[in-house]
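Tertiary structure, described
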Amino acid sequence: MITQFRYRIALLAALFGVLVAMFWMIDRAMLDARAELSLHAADTAGLFATSQIALLGPLRTDGSTIYAGSIDLSTRQDLPDMVERETGFGCTIFLGNTRIATTATEAGSTERALGTQANQLVTQLVFRDGEVFSGVTETIGKDWVIVYRPLYGADGKRIGMVASFREWASFVEDLRTFRGLLAAVLGFLFLSIALLVFRIGRTIEALEDQHTQNQQQNARLIEVSELLHHRAEELDHAREDAVEARDEAERASQAKSVFLANMSHELRTPLNAIIGYSELLLDDLPDSEAQDDLGRIGTASRHLLRVISDILDISKIEAGKLELELRSFPLPSLLETLATQVRPLTTARGTTLHLQIDPEIDRMCGDETKVTQILLNLLSNAAKFTEDGEVILSAHRDEEDVVFRVHDTGIGMTPEELDRVFEPFTQGDASTTRRYGGTGLGLTITRRLAEFMGGTIDVRSTLGEGTVFELRLPQVSKKGRCPSQPSTPPYH
Ligand SMILES: Nc1ncnc2c1ncn2[C@@H]1O[C@H](COP(=O)(O)OP(=O)(O)OP(=O)(O)O)[C@@H](O)[C@H]1O
Ligand SMILES: [Mg+2]
């Protein structure tokens, strides 16, 4: 409710009314209290005056004179003066209703108002009926607090009146300041409450706005969360589809590998026969033209056989049919045999082949055939891509690993070629096949074999400067003994 402007205004108007009423009531109460107090004081002053008169002696009248003892009261103007001095109230002594001694002056003059008469009402009430009159009355254009009490002679008869009076304004002078203060306090109260009402109103408005915004945000969040839920479901489906597709692809790839493995095997048998027979014929036929042809048939068949062997190897690896045959073998002699095999190739290209074998290495535990195949691939690459340079085959131990390096000073590779070097059927550039032959399967097989044996293979190369392949294989047996359970992890 407080949030609506008109309600705020109505509330403040009501408050204003209440405060004005409060002001009026407090002012009234103050005035009443003042009036009562002043009348009380006036009465006391009147009694004081009566007692002072009585002190002069017993009262009696003689015609138009009042005597106190033997003193004519009309000669004692000092008496009302003394009362005024002592009590702060003016004083008048009446004979009957005529002023015979007074501090009051005539209107507009400094002459004492002697001989003038009290009004009829007072005369009737006080002098005739013997009552005490006390109240605020208007005389000569001003309000006066005034008390009249009857004056009795020694014989108990009323002979006159004594009045004590003071201007009403003197009692309420200081009330002006009080009123001002009261108005200021109430005004301040009103302003503070008004401010508070508007501030609370604004705060509630802000809170309501916030609440509305929160509700909108909640609604949006719910929408988003529903959307997310929906997306999550879609993703789940997509993931399931992807897993299915992957399984399907794996099945297809395995089927392909099995097919290739079988096909390669089927192809190798007749190829071996072709190579065998062409060599036999080469021995039998002396004709040099036929010998050339047979030589070409032999070379082409051997190349085909190598390609088929590589494909067979890859197929075996992919079909998961590869097996490790772990045993301990003398490593230095294996490396020397390899060097002997490759040396004709390097020598033909004017390149020197060096062997650097760490003397600590004696025997190694591993699959000798596969180690040979890997190193042969690396060495034949180094020999193939190096002319009039150097090829170094080194081996050393690094904790539990044997590290082989094939370093050459050949043509090297660009960073792009390096990135793709282990990908199947990838060769340096289009001219590589033409110039150096090969299918681009050697390094693919090499890396698969190295990983299959729990090892790694890395390469660094600089174009025009040379290449280093580093093969790291675990499971070294320094003392030449293989682990008791050789063909299980870490090779799977
Ligand atoms: N030592 C090296 N120096 C320079 N380039 C190399 C070296 N070894 C490999 N390469 C580059 O990597 C490519 C792939 O090598 P990989 O052994 O897989 O295939 P290949 O030798 O061309 O053919 P394959 O080995 O099947 O007969 C090579 O064609 C060659 O471009
Ligand atoms: Mg190769």
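**Some thoughts on the environment of Gln124**
Here Gln124 lies in helix H3 (residues 120-128). On the accessibility criterion, Gln124 (39% relative accessible area) is partly exposed. The spacing of Gln124 and Asn97 is 27 residues in sequence and 9.4 Å in space, taken between C-alpha atoms.

**Details of the nonpolar core**
Counting residues in hydrophobic clusters, the biggest one holds 42 residues, and the most contacted among them are Leu331, Leu335, Val371, Leu375 and Phe404. When contributions to this core are tallied by element, the ones reaching two or more residues are helix H5 (288-318), helix H6 (331-348), helix H7 (368-384), strand E12 (390-398), strand E13 (401-408), helix H10 (442-452), strand E14 (456-462) and strand E15 (466-473). Top element by residues in this core is H7. It accounts for seven residues. In contact with Val371, not counting residues within four places along its chain, are Phe329, Leu334, Met364, Phe404, Met453 and Leu473. Listed in part, the 17 residues of the second largest apolar core include Ala68, Leu73, Leu79 and Leu95.

**With respect to the pattern of salt bridges**
Taken as a whole, this structure holds 21 salt bridges when the rule is applied. Its salt-bridge partner being Asp27, residue Arg179 comes within 2.5 Å of it at the nearest N-O pair. Of this pair, Arg179 sits in helix H4 (residues 168-284) while Asp27 sits in helix H1 (residues 5-56), and the two are 152 residues apart along the sequence. With relative accessibility at 29%, the residue Arg179 sits in the partly exposed group. Overall, the relative accessible area of 11% leaves Asp27 in the buried class. Note that Lys142 and Glu167 form a salt bridge whose closest N and O atoms lie 3.8 Å from each other. Pair noted here: Lys142 is in strand E7 (residues 142-152) and Glu167 is in strand E8 (residues 158-167), with a separation of 25 residues, a long-range link. According to the relative accessible area criterion, Lys142 is partly exposed, its value standing at 38%. The exposure class of Glu167 is partly exposed, given its relative accessible area of 27%. Linked through salt bridges whose partners overlap, the residues forming this network are Arg246, Asp247 and Glu250.

**Thoughts on H6**
Taking 1.5 Å per residue as the helical rise, H6 with its 18 residues ought to reach 26 Å, and the 26 Å between its terminal C-alpha atoms agrees with that figure. Where H6 is buried, its residues meet strand E9 (327-330), strand E10 (352-357), strand E11 (363-366), H7, E12 and E13.

Rules used in this analysis
- Residues numbered from 1 in each chain as written.
- Chains lettered and ligands numbered in written order.
- Predicted model: local features only at pLDDT ≥ 70, side-chain atom pairs only at ≥ 80, totals over all residues.
- Heavy atoms only, no water.
- Helix = DSSP H or I, 4+ residues; strand = E, 2+ residues; numbered from the N terminus.
- Buried < 20%, exposed > 50% of the residue type's maximum accessible area, 1.4 Å probe, protein only.
- Core = buried A, V, L, I, M, F, W, Y, C linked by side-chain atoms within 4.5 Å.
- Contact = heavy atoms within 4.5 Å.
- Salt bridge = Lys/Arg side-chain N within 4 Å of Asp/Glu carboxyl O.
- Expected span 1.5 Å × (residues − 1).

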